[in-house]
Amino acid sequence: MNFLNDLNPVQREAVKAVNGPVMVIAGAGSGKTRVLTYRIAYLVSIGVPAYQILALTFTNKAASEMKGRIASLVGEKSRSIWMGTFHAMFARILRTEAEKIGYERSFTIYDSQDSLNAIRTVMNAAGISSQQFPPQAIRSRISNAKNNLFTPEQYSASAQSFFEEKAAAVYDVYQKYLKQNNAMDFDDLLLKPIELFRGHKKTLEQYQDRFRFILIDEYQDTNRAQYVLVNLLAAKYRNICVVGDDAQSIYAFRGADIRNILDFEKDYSDAKTFRLEQNYRSTKTILGAADLLIKNNVRQIPKTLWTDNQQGEQLTLLDCADEKDEAAQIVSQIYRDCSEYKLDLKDFAVLYRTNAQSRAVEDALRRQNVPYVIVGGTEFYDRKEIKDVLAYLRVLANPKDAESFLRIVNVPNRGIGDASLEKLKAFAEQNQLTLLEVAGRAKEITGLGEKQRSGLLSVSNLFAKFIGLKPTLSVTELSRSLVDQIGVLPLYKAEGTAEAQSRFENIQELLSAISEAVESDPEITLEGFLENVALVSDVDKWDGERNTVTLMTLHSAKGLEFPIVFVSGLEEGLFPIYADSIGDTELEEERRLLYVGMTRAMKKLYVSFARSRFRNGDRTYPEPSRFLAEIGEKISSKEAPVDAGLRFADLGEQVKGRTGRARKDDGVSKYFSDDSPDYENQTDVAPELAVGAKIEHEMFGEGTVLGLSGKGDSAKAVVLFPEVGRKMLLLKYAKLKVV
DNA sequence: ATTAGGCGATTTTTT
DNA sequence: ATCGCCTAAT
């Protein structure tokens, strides 16, 4: 147990206080993860069976890293610790207990998009206008209600407006629809276990006895449902350890309730509280700036973070003309620091408030051939063709899933449109059958055309065949032959366009992703694989070891650290977002979000703002963020606003000078393009596309611009591609490169 | 009755 | 880029 020597005295106390309720208030960079991992390792080393430990983390990535470290401390027995996100762990419990609450174990997990589609479906069926009641808004009300444990009846009773009454009505039918589909949304993964435990005392007790030691990371970001859930589980043995930092609570918008951590000592009057106040991550300057900022928040647990680390450099403020200038300045700072401090690209992170901000930075990095990764944003699994194949697999796993069935019933085209589907649904309703079952009885449905009938029958036959095959084939074989049988691949092939080609390749890639998943976990079931697809987050997929610059939102950056961090877009209206229309609570959350971002930095922190920025199709001229004033004292004054043109020229020179010298041995220049960056062109105006210009498109290859229209985000270009033909492209998305 | 094609919106953050 | 929604073509 000599590993306890790696800890400072407070950390060690927190690790050793294993009995009874414990709260660890862990400031940023104070070794929170360390305490958690060592605490778990300590539990195992004093003889607690690993399977009695339940550790709930915020991301799967955090869980798998912790598992790795625990294994290195106490060895293989740590394997049976239950560690993962709330959603993943309770999905696992629900898979075994589903029948007790009227579900089947093969239930499907609907992500936000699926849930939105389901809401559209039920609103349509109920004849509620989606014009008057935007499904998005309805969804967020429903989700809020669920996070706060309101049943449809309770929510309806508490409705404050006509809109909320409608939302309550939709909520009611939505829940029934989900159940009918044997599907749960993200919120249900927390709600249903509560329902289970409240309705089945024996089951609750069984899990209480099972999980005698419960640890929760990022407790400040738990919502009401999560709170109730862990308190139910911990009620018998009361060995509950929560770790968090109220200053880093940034998920109120998703129902997180900061009171959970603020009131912990009230909930457990015998709780022991430990405060980790020594920061091991950042320089004195960075910490000081973060402290200056967070002091502006009223509601807070008082604490003083301190560090033995070096003073470090002042913060640098990048005063930028617009978002392109901002991106260019960030890239040139990365270049300079990279060579000056002999850093790797993986030491840099660019953080922003909204995903849309990544584009400009991305462009600048690509132009210089600097490798980067974007965490989040639009994903592989969001592609249409991928969702189609996954929908097939989902129907196979759960034939009751009507949403997935509707998605694929006409993919590829089988001549089945809205009208036929309405007949199908009516027949299903009348006879209490699933859509898939009804498809098999298409002959009994009156008014269907020959084409429609045979189309439905072929879908039905296909699933009948594969449902039969399912028990005999591995997930890999199953999905391969299913894709074969669907026959989309030859269709894409036949289409011959570059777009179809890319869809073809994406499906191949999905199939290899499935094989890989099976290889790394031979026990995995189809349901399990689909569950992973639904519950794996963006950061989970991020590989911090790859030597690239990382771009991500401030939210995604929670829990990570980087030697050099850029926090960009510090403008009123962007950060804090909607500055003039948000209340004090939201403003404080924005401030905490910046606090999180700043405290990611170890050595050096850059903050930037642009005097002009394109947002939602309009050019805006925001004021610098009020947060800049709050940390002003820690910002170096030497980077005063300079005339943009001059500065670009200067930097151009410097970069040019360095490339020449650096190319030989510093290992840096290889990341940058050989031709010296032309800042004038990059930052002034976008390399303006002209009619007649030759361009290159990621998917379509080379082409000629025939026409241009629209402004800002809605700017479009008509391009003629020799192979693909004429295409209208939205510049915002089509990453055109002038050749 | 079905499908193709065009238009407009999407985005604040996410399990 | 993708989706829902609308209209025109088949």
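Each value, and the rule that gives it
- Residues numbered from 1 in each chain as written.
- Chains lettered and ligands numbered in written order.
- Predicted model: local features only at pLDDT ≥ 70, side-chain atom pairs only at ≥ 80, totals over all residues.
- Heavy atoms only, no water.
- Disulfide = S-S within 2.5 Å.
- Buried < 20%, exposed > 50% of the residue type's maximum accessible area, 1.4 Å probe, protein only.
- Helix = DSSP H or I, 4+ residues; strand = E, 2+ residues; numbered from the N terminus.
- Arc of directions from axis to C-beta.
- Contact = heavy atoms within 4.5 Å.
- Polar contact = N/O pair within 3.5 Å; in protein donor to acceptor, adjacent residues only side chain to side chain.
- pLDDT = per-residue confidence, 0-100.
- Salt bridge = Lys/Arg side-chain N within 4 Å of Asp/Glu carboxyl O.
- 1 Å grid on protein atoms, 1.4 Å probe; cavity = no way out; pocket = protein on both sides within 12 Å on 5 of 7 lines; lining within 4 Å.
- Points joined across faces, edges and corners; volume = space filled by probe spheres on them.
- Nonpolar A, V, L, I, M, F, W, Y, C, P; charged D, E, K, R; others polar.
- Core = buried A, V, L, I, M, F, W, Y, C linked by side-chain atoms within 4.5 Å.

What we call a disulfide is simply a covalent bond connecting the sulfur atoms of a pair of cysteines. Within this structure, the stated rule accounts for 0 disulfides. Just so you know, C320 is unpaired, no disulfide at all, and the nearest cysteine sulfur is the one on C338, 19 Å from it. Its relative accessible area of 1% is what places C320 among the buried residues. Note on C338: relative accessible area 1%, which makes it buried.

The next thing to look at is helix α1 (residues 9-16). Residues of α1 that are buried: Q11, A14 and V15. Seen end-on, α1 carries its buried residues on one side only, within an arc spanning 100 degrees. Packing partners of the buried residues in α1 comprise β1 (22-26), α2 (32-45) and β8 (272-276). The backbone nitrogen of V10 lies 3.1 Å from a side-chain oxygen of the residue at the head of α1, namely N8.

A few words on the confidence of the model for chain A. Averaged over every residue, the pLDDT of chain A is 84; the share at 70 or more is 86%. Between the elements of chain A, mean pLDDT differs from a low of 29, seen in helix α30 (residues 679-683), to a high of 97, seen in helix α10 (residues 201-210). Taken as a whole, residues 638-688 scores under 50 in pLDDT and shows 67 contacts with residues more than four places along the chain or in a different chain. Throughout residues 710-714 the model reports pLDDT below 50, and contacts reaching past four residues in sequence, or to other chains, amount to 9 contacts.

To continue, consider the pattern of salt bridges. The tally for this structure, following the rule as stated, stands at 40 salt bridges. Between E313 and K604 there is a salt bridge; the shortest N-O distance is 2.9 Å. Here the residue E313 occupies a position in the loop between β10 (306-307) and β11 (316-322), and K604 occupies one in strand β16 (residues 601-615), the gap between them amounting to 291 residues. We classify K604 as buried; its relative accessible area is 5%. The residue E630 makes a salt bridge to R591 at a minimum N-O spacing of 2.8 Å. In this pair, E630 sits in helix α28 (residues 626-630) while R591 sits in helix α27 (residues 584-598), placing the two residues 39 residues apart along the sequence. A network of salt bridges, in which partner residues are shared, links K32, D217, E218, D221 and K558.

The next point concerns the environment of M184. Residue placement: M184 occurs in strand β5 (residues 183-185). Once residues lying within four places of it in the same chain are set aside, the contact partners of M184 are L94, I101, Y103, F107, T108, I109, Y110, L189 and K192.

Right, let's talk about unusual backbone geometry for a bit. Between V411 and P412 the backbone carries a cis peptide bond, its omega angle lying at -5 degrees. With respect to the element layout, P412 can be found in the loop between α18 (402-408) and α19 (418-431). With an omega of 5 degrees, the peptide bond running from F575 to P576 counts as cis. Within the fold, P576 resides in the loop between β15 (562-567) and α27. Unlike most non-glycine residues, L149 shows phi in positive territory, near 65 degrees. With respect to the helices, strands and loops of the structure, L149 is situated in the loop between α6 (135-147) and α7 (152-158). Unusually for a residue other than glycine, N369 sits at a positive phi of about 55 degrees. Among the secondary structure elements, N369 is positioned in the loop between α16 (358-367) and β13 (372-374).

Let's shift gears to the layout of surface pockets. One number sums up the size of the second largest pocket: a volume of about 390 Å³. Residues belonging to the lining of the second largest pocket are distributed by class as follows: 7 nonpolar, 3 polar and 7 charged.

Let's shift gears to the nonpolar core. When a protein is soluble and globular, its nonpolar side chains tend to lie buried together. Grouped together as the largest cluster of nonpolar side chains are 119 residues, with contacts concentrated most on I138, F197, I216, F405 and F463. Considering every element that reaches this core, the biggest residue donor is helix α17 (residues 384-397), with 9 residues. The contact partners of I216, leaving out residues within four places of it in the chain, are L56, F86, T222, V230, I240, C241, V242 and V243. Formed by 43 residues, the second largest nonpolar core is a distinct cluster that contains I250, A349, V539 and A601.

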